[in-house]
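Structural description and commentary
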Number of protein chains: 2
Amino acid sequence: MQASPDSIPTALTPARRILMGPGPSDVDDAVLSAMARPTLGHLDPEFLTVMDELRGMLRSVFQTKNELTMPMSGTGSAGMETCMVNLLEPGDKALIGVNGVFGTRMAEVARRAGADVTEVKGEWGRAFTKEQLAAAATHDAYDLVAVVHAETSTGVLQPVPPVRELADELGALFMIDCVTSLAGHAVKIDEWRVDAAYSGTQKCLSCPPGLSPVTFSERAVEKMRRRKRPVQSWYLDLSLIQGYWGEERSYHHTAPINMLYALHEALRLVLVEGLEARFERHARNTDTLRAGLIELGLEPRVSGDERLNPLTTVAIPDGVDDGKVRGRLLKNFGLEIGGGLGPMKGNTWRIGLMGSGSTMRNAALCLAGLRDALAAQG
Amino acid sequence: MQASPDSIPTALTPARRILMGPGPSDVDDAVLSAMARPTLGHLDPEFLTVMDELRGMLRSVFQTKNELTMPMSGTGSAGMETCMVNLLEPGDKALIGVNGVFGTRMAEVARRAGADVTEVKGEWGRAFTKEQLAAAATHDAYDLVAVVHAETSTGVLQPVPPVRELADELGALFMIDCVTSLAGHAVKIDEWRVDAAYSGTQKCLSCPPGLSPVTFSERAVEKMRRRKRPVQSWYLDLSLIQGYWGEERSYHHTAPINMLYALHEALRLVLVEGLEARFERHARNTDTLRAGLIELGLEPRVSGDERLNPLTTVAIPDGVDDGKVRGRLLKNFGLEIGGGLGPMKGNTWRIGLMGSGSTMRNAALCLAGLRDALAAQG
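What comes next concerns the included structure. Model, not experiment: these values are computed from the prediction. (Residues numbered from 1 in each chain as written. Chains lettered and ligands numbered in written order. Predicted model: local features only at pLDDT ≥ 70, side-chain atom pairs only at ≥ 80, totals over all residues.)

With that settled, consider the overall build of chain A. Counting secondary structure elements, chain A contains 12 helices and 13 strands. For 378 residues, the compact-globule estimate of 2.2 N^0.38 gives 21 Å, and chain A sits close to it at 21 Å. Viewed in the frame of its principal axes, chain A has a C-alpha envelope of about 65 × 60 × 50 Å. Partitioning the contacts of chain A with sequence separation of at least 6, the portion at a separation of at least 24 is 73%. (Helix = DSSP H or I, 4+ residues; strand = E, 2+ residues; numbered from the N terminus. Rg over C-alpha atoms; globule rule 2.2 N^0.38 Å. Contact = placed C-beta atoms within 7 Å.)

Rendered as structure tokens:
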């Protein structure tokens, strides 16, 4: 059973790519270095300080005063599931906007939590209006209304305040997916009165994947307190996890220490740059990218007023081979862009300018690479 | 809402501790360096090779040929929940040995998956006999029998083959928790005919916390295939996750790339040392530690034949202040040992010699530190 020594793989020497897909995005060297600092125990007083600082910085980035704000020990989808399984009990009514892969996923996760889900089918590549969502409601009242703020499959940014209005009219808590928007667009949790939100570390925070920042309003916490049944997931049960991130410091699971170092440094870099400056940078570089794509004859899938700055989707021209173009970009330029998902598979590229990867240099390089690859398709 | 620049925390400079608690354990510099390599995309051909190598090495360490062997994107408790929610459907009968915190947790997680759980209450600090477990069975047949191979709360190593025999008699699948045993004791998945096992990275693999290696037999996979209802957790649904780790490479969630780099290197170091040599080292250094503890008047909680080599538990002598001793070790020696959990809180220390931290030097340092701290209590 013992592996013979000559069957042991060699140590990794991964290439240094330029990651311009839908995430993970490129990670700053400072973040990689922070992650490689020596591991502390998860109850070490020094580490408890790291946790407190991290929560404070997360609140700044989420623009909230919510006490229950912290990173979950899993990727963005674990954050989505955290929100659903803690807020929903079997039979609860949820109205969910589905205009892409991540809306579809929210509906599926809510159903697995036992909820009575009303899916609002929207057009892929368009945001929802309040009227569209309202028209699809089949009940007078809902427990939860949820939409994706930044649809990573289509590149659409969903306006939030109108959906909050609808949630108020339906008496519902209000949840958003801001995996690809957090730190790339304004996410105003308190001003917008969002009750639950989750994000990921590997998009505009420019941190490796592995954690999911979440935040919950006092109304959401109150709904959790009134639960009749335990949360179906023990690992994601916030009533237990709060005990570790809160004052008690009671053991729940061993926190992913080094990933939390990385997030600490990534959040620091966001705040040192400043949120407004960061949002403006994302907008500016995407202006350049979109203009260049149009020049190359590549049509953006999303109109300018609904576009997501961190992620641009374009239609692949007829006769152009998706795999060959992306393969050539990777081989000749060390540059990764993303393919499409679901109905957009094979006909759409997803090009990310996220976090520290949103630069003039990357926009220009991607355009140069696409020009070369499209010419080679001849 | 913008944080003012002077409220941003400074960059982290965590102390270099010697981690001799119940985990996380000390991480080799080679593993920390691997983790800090540039992030690849989760569908990059180079990364797919990393995944395949990683699965091969995991099979060697688990001593199995199981196809369904991989790390889950969460800590050890996520691995526990993965096993439970995929193998159990509501109403399934589970017989679970409970002689510590992690057996208690298994029973709780199984109940949340809707199972009809028979808890076998055992003595904390003792292993189960087959007869004890058999006597507690209230049904003629079970769907699952589960025990903790290495009880991290008590320091007990559970003999596995007798429990497999019982599972056969009850017609049940057989699951073990080997969070603290994998790579520190033999874990013979195939020889012992274990159907499901989960571990953690932050114990004898000497990798930071954040991943949970799991493995499933063909019988377990068959039970999953026959499920009538979807797995309640979307994030941990193996029928979906297999699509990414298997041939199809279909997107499920974004893998925690850099954590997987770390695990790749940690597994390499295990195989380069060799499993038998590694187990022998763990045994030898714990012999030294136990002998020294007894010399200091500290009584091990577990007898020699049931002891867990990676983790030694000792009774705190009457009149000795738990917190003061551990605080002094941390302050004067940069050395972390663990306190007790549950009924062992305040009366037990847990001392780890795990993975690359199982050295003569650490055993000697810990004994010197305890001698100093106990004298200061005197």
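Let us keep going from here.
The next thing to look at is the relation of the copies chain B and chain A. Between chain B and chain A, the superposition needs a rotation of 180 degrees and an axial shift of 0.0 Å, giving an RMSD of 0.0 Å. The two molecules are tied by a two-fold rotation axis, judged by turn and shift. Most of the interface of chain B is mirrored in chain A, where 100% of its interface residues again form contacts. (Least-squares fit on C-alpha atoms with pLDDT ≥ 70 in both.)

Turning to the sheet that holds strand E11 (residues 311-315) of chain B, a few remarks are in order. Residue and element names in this part refer to chain B. What the 4 strands build is an open sheet, ordered E1-E12-E13-E11; its pairing is mixed. The open sheet has two edge strands with one neighbour each: strand E1 (18-20) and E11. Strand-to-strand, the axes of this sheet are offset by a mean angle of 30 degrees, without reference to chain direction. Alignment of E11 against strand E13 (residues 348-352), held across 5 bridges, turns out to be antiparallel. Bridge assignment links Leu311 to a residue of E13, and that residue is Gly352. (Pairing = 2+ DSSP bridges. Axes fitted to C-alpha atoms, helices over the stretch in contact; angles between N-to-C directions.)

What follows covers the nonpolar core. In terms of nonpolar packing, the biggest core is built from 250 residues, with A:Ala110, A:Val145, A:Ala197, B:Ala110, B:Val145 and B:Ala197 touching the most fellow members. Setting aside its immediate chain neighbours within four residues, B:Ala197 contacts B:Phe62, B:Met175, B:Ile176, B:Cys178, B:Val187, B:Ile189, B:Val214 and B:Thr215. (Core = buried A, V, L, I, M, F, W, Y, C linked by C-beta atoms within 7 Å. Buried ≥ 20, exposed ≤ 12 C-beta atoms within 10 Å, placed from the backbone.)

The next subject is the environment of A:Glu265. Note that A:Glu265 resides in helix H9 (residues 257-273). With residues up to four places along the chain from it excluded, the contact list for A:Glu265 reads A:Ala30, A:Val31, A:Ala34, B:Ala11 and B:Leu12.

Quick look at helix H10 (residues 275-295) of chain B now. All names here are of chain B. Taking 1.5 Å per residue as the helical rise, H10 with its 21 residues ought to reach 30 Å, and the 31 Å between its terminal C-alpha atoms agrees with that figure. By the burial criterion, the buried members of H10 are Arg278, Arg281, His282, Asn285, Thr286, Leu289, Arg290 and Leu293. In a view along the axis of H10, the buried residues occupy a sector of 160 degrees, so they form one face of it. For H10, the exposed residues lying more than 90 degrees away from the buried face are Glu276, Ala277, Glu280, Ala291, Ile294 and Glu295. Buried residues along H10 sit against helix H9 (257-273), E11, E13 and helix H12 (360-377). Following H10 by one or two positions, Gly297 adopts a phi angle in the positive range, close to 85 degrees. (Expected span 1.5 Å × (residues − 1). Arc of directions from axis to C-beta.)

Just geometry here; none of it tells us what the structure is for.
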